[in-house]
Amino acid sequence: MRRLLTLALLLVVGATFAQVRLEGVVKDSIGTPLELANVIAINQATQKLDSYGITNDEGRYRLSLEKNASYTIQVSYVGMKTAQAVVETTDQGVTKNFTLQNDNTLDAVELVYEMPVTVKGDTIVYNADSFKSGTERKLGDVLKKLPGVELNDDGEIEVEGKSVGKVMVEGKDFFDGDSKLAVENIPANAVDKVEILKNYSEVSQLRGVTDNQDNIAINIKLKEGKKKFWFGNITGGVGDSEEETLYLLQPKLFYYSPEYSINLIGDLNNIGEVAFNRRDYFKFSGGFRSPSRSSGTNINLGSNDIGFLTAQNNRAKYINTKLGAANFSYSPKKTLDLSGFAIFSNSRTDLQETRAVTYTDPDLNIPDEETKSNTTQRSDLGMLKLSAAYKPNANNQLDYDVLARTSKESQDQLFFSDVLGNIDQLEDTSPFSISQNLNYYYTLDDNNIFAFEVQHLLQDEDPFYNAILEDKANYDDTGNALGLDNAQIDYNVAQEKRVKSNQVDAKLDYWNVLNNKSDLNFTLGTIYSKQDFNSSIFQYLDNGTIFEPSNTLPNSLDGNDIEYTFNDVYLGMHYRLKSGIFTFTPGVSAHAYSAKNNQFNVNYTDNFFRLLPDFNTRIQLKNSENINFNYRMSTNFTDVNQLARGLVMNNYNAFFSGNQELESALAHNLNLSYFSFNMFNYTNVFARLSYSKTIDRIRTTSQFEPGSVVRVSTPFNSDFPDENASFNGRIQKTLGKFKASLGGNFNYNKFNQVVNNRPSVNENYSYTYRTGLSTNFRDAPNFEINYRHTIQDNNQGERKTNFVTKVPSVEFDALIFKKFTFKTDYSYNNFSEDGTTINDYEFWNASLAYRKDQDSKWEFELNATNLLDTKSQNRTNTSNVSVSAIEYFIQPRFLTFRLRYEL
């Protein structure tokens, strides 16, 4: 690794000294500097684009060119004649100024090359071919080469540190609500342009009056040859392993025209290439955003998931996955757009892991625990969305969306605890939900705009949990407290739960545009939520009958039957004022809250009124440089699970009893961000600082059995405020064909809790530093070297832990003889605790593909994963009462042969 880093630095230094600088100023005919003018340099010997740039606010440009070469310099600007000049370089820098003339006709100079990057207001356009080297196969391979664009660890697209919420192809939604499917499936050879749409609004009528700073969309423009007929590819593969024959089938088919589009994606494999995992399913929003998202009210409906173990980076001991996905859009007439998608995923995953659990305070007589587990997970996930948008004229727009989800999941686990012995666990669930959106937007005139938005959610969850504790003597104290029958071979205890949620979220907005610098916004809205929760704990006896125990735990009741309703009626007002580079948006909302729950014939009602102010300031320093400050006060409400007083079995060692009289929490949230996209010096900078302070935050008091890891937790409103601070940033610099980046993030979390009647203050710190260096040569091999350093400090009362993860990695790809594509990646991982290495492991993958030429329909590939046959890897996990170091075992070495056919 050191040799690779040294070689990379030598290449950077060598390339830098082999170049000279061309700089100058671009002005119009009256001498005014032109910002965002495009400047390109074409090497006359090779007729290739060697360098490009965009002028800054002073009209300055700067290019790096080869020494002793001849270049054609072209300068273009919208509405002006393109200027052209020939420049001969020596070993000294060159200064060349340009003056552009107004032009109402076509340019007299033909543009031989398109600009690699063009900035048009809030839109950044990348010419994809300028960044391709020929080894790219999917959209993600192209995106990670674009300045200012990143792919995060989950495979999602980020711009300015913000996740991209919408991906479109030719202006049509591509599986709305997720960017990962686009990254992994759109073929790179079909991509012509990548448009980054910042401050994106789906409703043109509201673009000038709403705050869309966090809304970023991407639109993929296709090459001309990829329109009005089917394109895509089909990949098939086979391989062998000690356990079974390996297989892979991945059809990816696309059709686009102005009237309609169809996208079909399939994936069947047993080699661990997960196209759409369970985490993607639950994160997939379908493009739904609640009308009350900026009202200041946050109500959490909770999750009654069965708590699947998740495999980091999709690595497990065994993964078999099937995916079928279809997306369509259809415009039967100019005023009506219909679209939708369907996704089905089936998977089976086997996991094996060991876990060392360190509890909060050594003086509390809670033993540290070591566990081992073997788990089989089965999951069927389905999702269907249909949308309609009707826009009869520029002043009216009506949208309707419906999204249905259903799943069937189970988890069987053989578990061993050095405290409680052998435990068999079974979990299953078959939840479903239906979400609907209805939105209407009406523009009365230039000064008066109305918007009505309503969303309805219907959700039904039915998790089942069963634990068989074979070493009964280790669980007798808990069994007696639960009232279990101890005259059995083992303790076979189970729980049924049912949670039904019904929520309506609606608001009416009115904007009065006072002038081109200010407007007023009035909002009338309401949120109504109803949840019903039932649960019961029972025991399977040896004779096959069911026994319903009565527990003797303090303040704990048997079973649950609770109805919880919440209502918020609010009126908000915001005023926006633009003054020079500043945009001020102060606002306030008045809320009348009502929260009620009824259980065990006891009613509890919490009615109150609250004013929630918010404030936003945006400083537009330049067209592509801004600072944004945001403050918001919010009221946070809990879900029915926290209120239910009856005993709930979250796990074999974790029981929960809710608090009927929980109150809401009040939070102060501050956010400061900076972004600069500077094509003058090829530098992109992003930084974000966030801080929140929550008063009356819901925390838990946990009571452990003496000498055991079994606990009962109960929520309470903490008298002490919780604090959270985070910072993340990145600077990216391009030097010729080299791109360097430096970034990191910091998180601090402070909260209070009670364990065994002793209050404690928990403080968690995590730091991650990342640095990288990559190349983007057209006709030479390319590499990417990265280093990640993560520190996690946990201070939980009297117990402190420190985990460090160090990960240097390298990726390399090359197009050899224009026929062979070679790719390889390697990473070394060192995982340590308090300075002592717990585990170090390596991953090495490689592939070699052959394609006769760029126009060939067929490609043959040999692919190898985990070449070093690494057996396991590590991670950490922090909860409110413990810190865990986890080792999990992964798939062995796989070698597959693949055949890809391009339509």
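You'll find the structure just up there.
What counts and how
- Residues numbered from 1 in each chain as written.
- Predicted model: local features only at pLDDT ≥ 70, side-chain atom pairs only at ≥ 80, totals over all residues.
- Heavy atoms only, no water.
- Buried < 20%, exposed > 50% of the residue type's maximum accessible area, 1.4 Å probe, protein only.
- Helix = DSSP H or I, 4+ residues; strand = E, 2+ residues; numbered from the N terminus.
- Pairing = 2+ DSSP bridges.
- Contact = heavy atoms within 4.5 Å.
- Axes fitted to C-alpha atoms, helices over the stretch in contact; angles between N-to-C directions.
- Phe/Tyr/Trp six-rings, centres within 6.5 Å; stacked < 30°, edge-to-face > 60°.
- Lys NZ or Arg CZ within 6 Å of the ring centre and 35° of its normal.
- Polar contact = N/O pair within 3.5 Å; in protein donor to acceptor, adjacent residues only side chain to side chain.
- Salt bridge = Lys/Arg side-chain N within 4 Å of Asp/Glu carboxyl O.
- Core = buried A, V, L, I, M, F, W, Y, C linked by side-chain atoms within 4.5 Å.

Asker: Is there a simple way to think about the pairing of strand 10 (residues 123-127) in this case?
Answerer: The side chains of a regular strand alternate, first on one face of the sheet and then on the other. Of all the 5 residues making up strand 10, 4 are buried; the element is thus mostly covered by neighbouring parts of the structure. Pairing between strand 9 (residues 117-120) and strand 10: 4 bridges, direction antiparallel. Directly across from Val117, in strand 10, lies its bridge partner Tyr126. Between strand 9 and strand 10, which pair antiparallel and follow one another directly, the connecting turn spans 2 residues, one of which, Gly121, has a positive phi of 65°.

Asker: Just checking my understanding: could you explain the environment of Leu386 for this structure?
Answerer: With respect to the helices and strands, the residue Leu386 is situated in strand 24 (residues 369-393). By relative accessible area, which is 40% here, Leu386 ends up partly exposed. C-alpha of Leu386 to C-alpha of Asp401: the two residues are 15 residues apart in sequence and 5.8 Å apart in space. Among residues more than four places away in sequence, those in contact with Leu386 are Phe328, Ser339, Gly340, Tyr400, Asp401 and Val402.

Asker: Just to check I follow, could you spell out the sheet that holds strand 5 (residues 70-76) for this structure?
Answerer: Neighbouring strands of a sheet are bound in pairs by backbone hydrogen bonds; such pairs are parallel or else antiparallel. Here 4 strands make up an open sheet; going across it, the order is 3-2-5-6 and the pairing antiparallel. The outermost strands of the open sheet, each flanked by one partner alone, are strand 3 (48-54) and strand 6 (83-88). Pairwise comparison of adjacent strand axes, ignoring direction, gives a mean angle of 20° for this sheet. Of the strand pairs in this sheet, strand 2 (residues 38-43) and strand 3 are connected by 6 bridges, and their pairing is antiparallel. Looking at the pairing, Ile42 lines up with Leu49 of strand 3.

Asker: Just checking my understanding: could you explain the pairing of strand 43 (residues 722-735) for this structure?
Answerer: When strand 40 (residues 683-695) meets strand 43, the two strands line up antiparallel, connected through 12 bridges. Within strand 43, the residue paired with Thr683 across the bridge is Lys733. Relative to strand 44 (residues 738-755), strand 43 runs antiparallel, the two sharing 13 bridges. Its bridge partner lying in strand 44, Asn728 is registered against Asn745.

Asker: Explain the packing of aromatic side chains here, please?
Answerer: Here a ring pair, both rings aromatic, is described through the centre-centre distance and the interplanar angle of the planes. Taken as a whole and assessed by the stated rule, the structure comprises 28 aromatic pairs. Aromatic ring contacts, followed pair by pair, group Phe174, Phe175, Phe231, Phe254 and Phe341 into a single cluster. Sitting over the ring of Tyr491, Lys472 keeps its end group 5.7 Å from the ring centre.

Asker: Explain the side chain of Glu136 to me, please; I cannot follow it from the model alone.
Answerer: Mapped onto the elements, Glu136 comes out in the loop between strand 10 and helix 2 (139-143). Of the polar contacts made by the side chain of Glu136, one reaches the backbone nitrogen of Gly134; its length is 3.0 Å. Within the structure, the side chain of Glu136 is placed 2.4 Å from the side chain of Lys145, a separation counted as a polar contact. In this structure, Glu136 is in contact with Phe131, Asp141, Val142, Lys145 and Ala188, ignoring residues within four places of it in sequence.

Asker: Hey, could you run me through the sheet that holds strand 16 (residues 191-198) in this one?
Answerer: In spatial order, the strands read 9-10-16-17-14-15; together these 6 strands make up an open sheet with mixed pairing. What marks the edges here is a single partner per strand, and that holds for strand 9 and strand 15 (172-173). As paired strands, strand 16 and strand 17 (residues 216-222) are joined by 7 bridges and run antiparallel to one another. Residue Lys198 lies in a different strand from strand 17, and its bridge partner there is Ile216.

Asker: What should I look at first to understand the pattern of salt bridges in this one?
Answerer: Any two side chains of opposite charge can pair, given that their charged atoms come close. Under the definition given, this model contains 34 salt bridges. In this structure, Lys166 engages Asp173 in a salt bridge whose closest nitrogen and oxygen atoms are separated by 3.2 Å. By relative accessible area, which is 5% here, Lys166 ends up buried. Two residues, Asp176 and Lys385, come together in a salt bridge whose shortest N-O distance is 3.0 Å.

Asker: Just checking my understanding: could you explain the nonpolar core for this structure?
Answerer: Generally speaking, a soluble globular protein has its nonpolar side chains buried in company with each other. Residues Tyr126, Phe174 and Ile343 are the most contacted members of the largest nonpolar core, which totals 79 residues. If we skip the residues at most four places from it in the chain, Ile343 touches Phe175, Leu181, Phe276, Phe284, Leu323, Gly324, Ala325, Leu381, Gly382 and Met383. Among the nonpolar cores identified, the runner-up in size contains 29 residues, and Val419, Ile423, Ala467 and Ala481 belong to it.

Asker: Can you help me understand unusual backbone geometry in this one?
Answerer: Phi at Asn199 takes a positive value of approximately 50°, unusual for a residue other than glycine. Overall, the relative accessible area of 17% leaves Asn199 in the buried class. In the Ramachandran plot, Asp696 falls in the positive-phi region, its phi being about 65° despite a non-glycine side chain. By the secondary structure assignment, Asp696 is in the loop between strand 40 and strand 41 (698-704).

Remember that the coordinates give geometry; whether it matters functionally is a separate question.
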